[in-house]
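So you can see what is in the structure, the chains are spelled out below.
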Amino acid sequence: MYLDVFSENPYGTNCWLLASEGSTDAVVVDPGFEPTRVRALLDAAGKRPAAVLLTHAHVDHAGAAGDFAGDEVPVYIHDADALAFSDADAWNPGFSNALAPAKDLRSIGDGDVLELGGLAVEVQHTPGHTPGHCVFVTDALVLSGDLVFAGSIGRSDFPNSDPAAMRESLRRFLRLPDELPVHPGHGPTTSVARERASNPFLAELR
């Protein structure tokens, strides 16, 4: 499959680009920064964006999503985080979270399977870091957003976070197949097996 990443930004946020082998349509996950440079990566690979998927609505993941998508590309996000695009104060992240407007904002929910870029992408709602945080799962990989990183996990101490929901979401992560690579929102790629065996923040949940 086609898989690339753009992470040259102040937060080291990973914007993942993926498509099935031979597909010219690609899925772009969490384009928080530099939409022109992300599009250049797609152009160099002979791909065009079919959809933007957002794991959650924090500005480092979603800030430039609307600019990247423009008039033609839909932006998918869970309802509980879509509020960040219309009323950031009500969503209440606890910090400035200015997002570019998204013209075609579409709702996703737990258990949805999106057929995009030649891929079947399953949506798993994993709240805790934010109310609408989601993980995206294909038969080849997991896009974990800010749920799980290599050797760590996402924060759950923001005003709209929920530590109890975070624990349940982490337990759900541990039910994923061990062999799946995990491509997180920050830092290097890992795997379900590696995090199950060595992530100290998951030890009490195993």
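The paragraphs below set out a description of the structure included in this document. Model, not experiment: these values are computed from the prediction. Counting of residues starts from 1 at the beginning of each chain's written sequence and follows it residue by residue. It should be noted that, the model being predicted, local features are given only for residues of pLDDT at least 70 and side-chain atom pairs only at 80 or more, the latter also being counted only at that level, while totals for whole chains, interfaces and linings use all residues. Side-chain metrics in this entry use all non-hydrogen atoms of the structure; hydrogen atoms and water are not considered.

### A few points about the overall build of the chain
The number of helices and strands found in the chain is seven helices and 14 strands. Put simply, the radius of gyration uses C-alpha atoms, and a globule should come to 2.2 Å times the residue count raised to 0.38. Taking 206 residues into account, the globule formula puts the C-alpha radius of gyration at 17 Å, and the chain, at 16 Å, falls close to it. The C-alpha extent of the chain, read off along each of the three principal axes, is 45 × 40 × 30 Å. Burial analysis of the chain (206 residues in total) assigns 53% to the buried set. Should any heavy atoms of two residues lie within 4.5 Å, those residues are considered in contact. Look at the contacts in the chain between residues 6 or more apart in sequence, and 58% of them connect residues 24 or more apart. In this tally Asp and Glu are treated as negative and Lys and Arg as positive; neither His nor the chain ends contributes. Charge placement uses NZ in Lys and CZ in Arg. For Asp and Glu, CG and CD serve respectively. Considering the chain, the positive charge centre built from 14 side chains and the negative charge centre built from 29 side chains are found 4 Å apart. In this text, helices come from DSSP runs of H or I with a minimum length of four residues, and strands from runs of E with a minimum of two, each type numbered from the N-terminal end. Using a 1.4 Å probe on the protein chains alone, a residue whose accessible area is under 20% of its type maximum counts as buried, one over 50% counts as exposed, and one in between counts as partly exposed.

### As for unusual backbone geometry
The backbone of Asp30 sits at a positive phi, close to 65 degrees, despite the residue not being glycine. Since its relative accessible area comes to 2%, Asp30 is described here as buried. The phi torsion at Glu34 lies on the positive side, around 50 degrees, for a residue other than glycine. As for its position among the elements, Glu34 is in the loop between strand E3 (25-29) and helix H1 (35-44).

### Notes on the sheet that holds strand E4 (residues 48-53)
The criterion for strand pairing is that DSSP finds at least two bridges linking the strands in question. Read across the sheet, six strands follow the order E1-E2-E3-E4-E5-E6 without closing on themselves; strand pairing throughout is mixed. Two strands bound the open sheet, and with one partner strand each, they are strand E1 (2-6) and strand E6 (105-108). Going from strand to strand, the sheet's axes swing by 25 degrees on average, the running direction of each strand aside. Bridge count between strand E5 (residues 75-78) and E6: four bridges; the pairing is parallel. Note that in E6 the partner of Val75 across the bridge is Leu105. To obtain an axis, a line is fitted to C-alpha atoms, over the contacting stretch when the element is a helix, and the angle between two such axes runs from 0 to 180 degrees between their N-to-C directions.

### So, the side chain of Thr55
You can see Thr55 is positioned in the loop between E4 and helix H2 (59-62). At 2.9 Å, the side chain of Thr55 forms a polar contact with the side chain of His56. Other than its neighbours up to four places away in sequence, Thr55 contacts Val29, Asp30, His61, Gly132, His133, Cys134, Phe136 and Gly145. A 3.5 Å cut-off defines polar contacts: any pair of N or O atoms within that distance qualifies, except that in protein one atom must be a possible hydrogen donor and the other a possible acceptor, and neighbouring residues in sequence count only when both atoms are side-chain atoms.

### Some words on the sheet that holds strand E9 (residues 134-137)
Ordered in space as E7-E8-E9-E10-E13-E14, the six strands form an open sheet in which the pairing is mixed. Edge positions in the sheet fall to strand E7 (113-116) and strand E14 (190-191), since each has one partner strand and no second. Here strand E13 (residues 181-184) runs beside E14; their pairing, made up of two bridges, is antiparallel. By the bridge assignment for E14, Val182 is matched with Thr190.

Function-wise, these values are silent; they only describe arrangement.
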